[in-house]
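Each chain, letter by letter, is given below.
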Amino acid sequence: MNEKVVPKNARLNERENRFKILDLFCGAGGFSCGFDMVGFSTEVAIDFDDKAINTFQRNFPKTKCICGDITNEEIKEQIIQFSKERNVNMVIGGPPCQGFSLKGKNLGIKDPRNFLFLEYVDVVKRLKPECFIIENVKNLLNAARGYFIKQIYEEFETLGYTLNHGILNAYNFGVPQTRERTIIIGRLGKKGIPLPVAKNSIKTTVRDAISDLNYFESGEGNDVLDYKNPAFTEYQKLLRKNSEKLYNHKATNHSAFALEKLRMIPPEGDKSFMPKELYGKQKFTTTWARLKWDSPSPTIDTRFDTPSNGRNSHPILNRSITPREAARIQSFPDTFIFYGNKCSICKQIGNAVPPLLAKAIGEHIKDFLENE
């Protein structure tokens, strides 16, 4: 009997569309954005933050989005039901884990502060996806001398998964930012999926990311604008692809006193150029510091709109970076629009998984499974 021959490109297409995703603790959708670039499909997403879910839903209109508390059994049942209806076979997300400290070692993964991590475990237990991916803080691996990562392995190995983990720096995967995160990849069965290894030696800088947005002073800009400059770099061309307007490029309206301080700081400088009596309560050396054009940004956090928070002021202009500039540094495409008030948008951007890092993980998984 002759076997039916499946063309290789058909098998590739099957692999590309193979994963249907449940995004837990999804936030605005950086993780899903990156996997979407690979051809995976986020079918269900859940988050407690209604403003973040609104951003997610408007950027992923086909996804079933749930706003609610995952510890609520009714919400949990919705997650499981919709995931089964949509044939979800991959779970992704970064569960908050506040209890990973030496002090909490006696309780470990059962520490009440880690309850959201246990919810992640429970969802995987009930859905039994082919793969899951966890993103978390770098310190997760070192907490209590590796005690917690050992417990994480035990929880999932009991469910039949093989795990691999490590620390990935987004900067090594095309993101103009030194952002190190723990990544755990679990696969059902005895053969795990290793973490990706950076192959691209080209490093992206702050200049590569935002030099075309090098205008607007404090308080200027708007939610929707026309582009003022052409794209100057390949990175800018990549992120501007298919975008007809510029969104979320609105500068913080700084106080007169803040502007006075910023004027004292030269291009790419820091607070050492100010009189020490103006340092304020912030003791860290990076507060009131400017980004450097030809270096990566430090980790973008949720307060990038505040010069006193860290090295997040514009390299040459007297203002902090705008939400769009921060989104560029996080590697969000310009077509991805953030919704909500300024505080919420900053939180959405700062908490996100950089899409290009997620894309690299997705491409690696696809290639690994295709070639095994």
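This text goes with the structure placed above it.
Here the structure is a predicted model, which is why all the values come from computation and not from measurement.

S.K.: Just checking my understanding: could you explain the pattern of salt bridges for this structure?
M.R.: Oppositely charged side chains can pair when the atoms bearing their charge come close. As enumerated under the stated definition, the model contains 23 salt bridges in all. Here Arg126 and Glu73 are joined by a salt bridge, their closest N and O atoms 3.4 Å apart. In this pair, Arg126 is assigned in helix 5 (residues 115–127) and Glu73 in helix 4 (residues 73–85), connecting sequence segments 53 residues apart. What makes Arg126 partly exposed here is its relative accessible area of 28%. Residues Glu372 and Lys191 are paired through a salt bridge, measuring 3.7 Å at the closest nitrogen-oxygen approach. In this pair, Glu372 is assigned in the segment after helix 12 (355–371) and Lys191 in the loop between strand 7 (180–188) and helix 7 (206–210), connecting sequence segments 181 residues apart. Among the charged side chains, a network of salt bridges with common partners joins Glu73, Lys76, Glu77, Glu119, Asp122 and Arg126.

S.K.: Help me understand the pairing of strand 2 (residues 41–47), please; the structure alone is not making it clear to me.
M.R.: If a strand is regular, its side chains alternate between the two faces of the sheet. Taken across its seven residues, strand 2 has six buried, putting it largely inside the fold. With five bridges connecting them, strand 1 (residues 20–24) and strand 2 associate as parallel partners. Residue Lys20 lies in a different strand from strand 2, and its bridge partner there is Ser41. Running through helix 2 (residues 30–38), the crossover from strand 1 to the neighbouring parallel element strand 2 is right-handed. In the sheet, strand 2 pairs with strand 3 (residues 64–67) via four bridges, with the strands oriented parallel. Looking at the pairing, Ala45 lines up with Cys65 of strand 3. Running through helix 3 (residues 50–59), the crossover from strand 2 to the neighbouring parallel element strand 3 is right-handed.

S.K.: Looking at this model, I keep getting lost on the sheet that holds strand 6 (residues 161–169). Mind explaining?
M.R.: Adjacent strands of a sheet pair through backbone hydrogen bonds, lying either parallel or antiparallel. The strand order across the open sheet built from seven strands is 3-2-1-4-5-7-6, with neighbouring strands paired in mixed fashion. Every other strand in the sheet has two partners, leaving strand 3 and strand 6 as the edge strands with one partner each. Neighbouring strand axes in the sheet, compared pairwise and without regard to direction, differ in orientation by 15° on average. Where strand 4 (residues 90–93) and strand 5 (residues 131–137) come together, four bridges link them in parallel fashion. Paired with Val91 across the bridge in strand 5 is Phe132. Relative to strand 4, helix 2 is tilted by about 135°, and along the sheet it contacts strand 1, strand 2, strand 4 and strand 5. Here helix 6 (residues 147–158) sits on the sheet and contacts strand 5, strand 6 and strand 7; the angle it forms with strand 6, its principal contact strand, is near 145°.

S.K.: I keep staring at the packing of aromatic side chains and nothing clicks. Help me out?
M.R.: The relative placement of two aromatic rings is captured by the distance of their centres and the angle of their planes. Following the criterion strictly, the structure yields 15 aromatic pairs and no others. With 6.4 Å between their ring centres and 90° between their planes, Tyr120 and Phe156 make a pair best called edge-to-face. Within this pair, whereas Tyr120 is found in helix 5, its partner Phe156 is found in helix 6, the two being separated by 36 residues in sequence. Since its relative accessible area comes to 0%, Tyr120 is described here as buried. What links up through ring pairs into an aromatic cluster is the set Phe56, Phe60, Phe332, Phe336 and Phe338. Sitting over the ring of Tyr171, Lys203 keeps its end group 5.3 Å from the ring centre. The ring of Tyr227 carries the charged tip of Arg240 above its face, separated from the ring centre by 3.9 Å.

Reading the values: the criteria
Residues numbered from 1 in each chain as written. Predicted model: local features only at pLDDT ≥ 70, side-chain atom pairs only at ≥ 80, totals over all residues. Heavy atoms only, no water. Salt bridge = Lys/Arg side-chain N within 4 Å of Asp/Glu carboxyl O. Helix = DSSP H or I, 4+ residues; strand = E, 2+ residues; numbered from the N terminus. Buried < 20%, exposed > 50% of the residue type's maximum accessible area, 1.4 Å probe, protein only. Pairing = 2+ DSSP bridges. Right-handed = clockwise from strand over helix to strand, strands pointing away. Axes fitted to C-alpha atoms, helices over the stretch in contact; angles between N-to-C directions. Contact = heavy atoms within 4.5 Å. Phe/Tyr/Trp six-rings, centres within 6.5 Å; stacked < 30°, edge-to-face > 60°. Lys NZ or Arg CZ within 6 Å of the ring centre and 35° of its normal.

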